[in-house]
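If you want the building blocks of each chain, they are given just below.
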Amino acid sequence: MELSEIMTITPTFSRTLKCPCCSNSFSTVNVRISYPKTVEVSTDFCVTYQDEVNSPYLYYVNVCNLCGYAFTKNSSLISSISKAIIQKEVSEKWRPRSFGDIRSVEDAITCYKLAIYCSILKNEKYYILAGLLLRVSWLYRKLNNQVEEERFMLKTVEAYKKSYDIADYVGSEMSEIRVLFLIGELSRRCKLYEEAISHFSKIVAHSNAPLEKGIVEKARQQWQITREDAKAH
């Protein structure tokens, strides 16, 4: 065996996390930061990777094998009140199982849905909830399940609308323009053309438009495409 074969680095690695809810230590899998190679980025920011089997999307959610609490790096700190709610609504009904190994797309969807449920129970910010819902729609897209993809896109739109109304994204990596764009683009994909046109228009006229030229230009392009799609329907 050659040295190069011995030194081969795998796409994924295991690490140990401490559950924020029950303090249990559990193992989870991550994809190495240097590994994923992007092939394409869709208009709603879904990335297609060269190696979809080892996509980072599959390991975005961490699940405690002992209590069932599911969370991500973007989840807010869990309060004592939320811990008690999770204990009652999740842990007491949880049959210990591990998601700390290689995941299929179906496994990942299960993890996301658990994280969505936990997020709702702990009154997570809407933009974080929307991000989870959006990733589920992407995973269903990769499974060519259009019905579930659209169902979760619509849920994402509603969550982002609530986020926009109260501006709970302030201080995060999300901006108002990005939230508006996702509402518009997901609405377009769900054939809600008037809704899409309305939100794309808000971006073009936004006071911060000069600061986010890339996404503003995308909004102009999608606005035109939406107008054409609306006429065709």
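Parameters and conventions
The written sequence of each chain sets the order in which its residues are numbered from 1. Given that this is a predicted model, residues contribute local features only at a pLDDT of at least 70 and side-chain atom pairs are listed and counted only at 80 or more, while totals for whole chains, interfaces and linings are drawn from all residues. Each side-chain value is worked out from all heavy atoms of the structure, with water and hydrogens disregarded. A pair of strands is considered paired only if DSSP assigns at least 2 bridges between the two. Helix and strand definitions follow DSSP, with helices as H or I runs of at least four residues and strands as E runs of at least two, each counted in order from the N terminus. For a helix, the expected span equals 1.5 Å multiplied by the residue count minus one. Think of it in three bands: residues with accessible area under 20% of the maximum for their type are buried, residues over 50% are exposed, and the middle band is partly exposed, with areas taken using a 1.4 Å probe on protein chains only. This arc is built from the directions going out from the helix axis to the C-beta atoms. Throughout, a contact is declared for two residues whenever any of their heavy atoms are within 4.5 Å.

Is there a simple way to explain the pairing of strand S3 (residues 38–41) in this structure?
As a general feature of sheets, a regular strand has side chains that alternate between the two faces. Sheet analysis places S3 next to strand S4 (residues 47–49), joined by three bridges and oriented antiparallel. Residue pairing for S4: Thr38 is matched across the bridge by Tyr49. A loop of five residues connects S3 with S4, the two strands running antiparallel in sequence, and Phe45 in this loop sits at a positive phi of about 75°.

I tried to follow helix H7 (residues 193–204) on my own but got confused; where do I start?
Along an α-helix, residues three or four apart share an orientation, since each turn contains 3.6 residues. Its 12 residues place the ends of H7 17 Å apart at the C-alpha level, agreeing with the 16 Å of an ideal helix rising 1.5 Å per residue. All of the buried residues along H7 are Tyr193, Ala196, His199, Phe200 and Ile203. All buried residues of H7 fall inside an arc of 135° around its axis, so they share one side. On its buried face, H7 is in contact with helix H6 (176–189) and helix H8 (213–232).

When you look at unusual backbone geometry in this model, what are you seeing that I'm missing?
Glycine aside, the phi torsion of most residues is negative, and most peptide linkages are trans. Within the chain, Ser23 stands out as a residue other than glycine whose phi angle is a positive 70°. Mapped onto the elements, Ser23 comes out in the loop between strand S1 (12–18) and strand S2 (25–31). Positive phi values are uncommon outside glycine, yet Asn123 reaches one of about 55°. Along the chain, Asn123 falls in the loop between helix H3 (105–121) and helix H4 (126–142). Of the residues examined, Asn123 reaches a relative accessible area of 68% and is grouped as exposed.

It is not clear to me how the side chain of Gln222 should be interpreted in this structure. Could you clarify?
For Gln222, the location among the structural elements is in helix H8. The contact partners of Gln222, leaving out residues within four places of it in the chain, are Thr43, Phe181, Glu185, Arg188 and Phe200.

The values reported here are purely geometric and, on their own, carry no functional implication.
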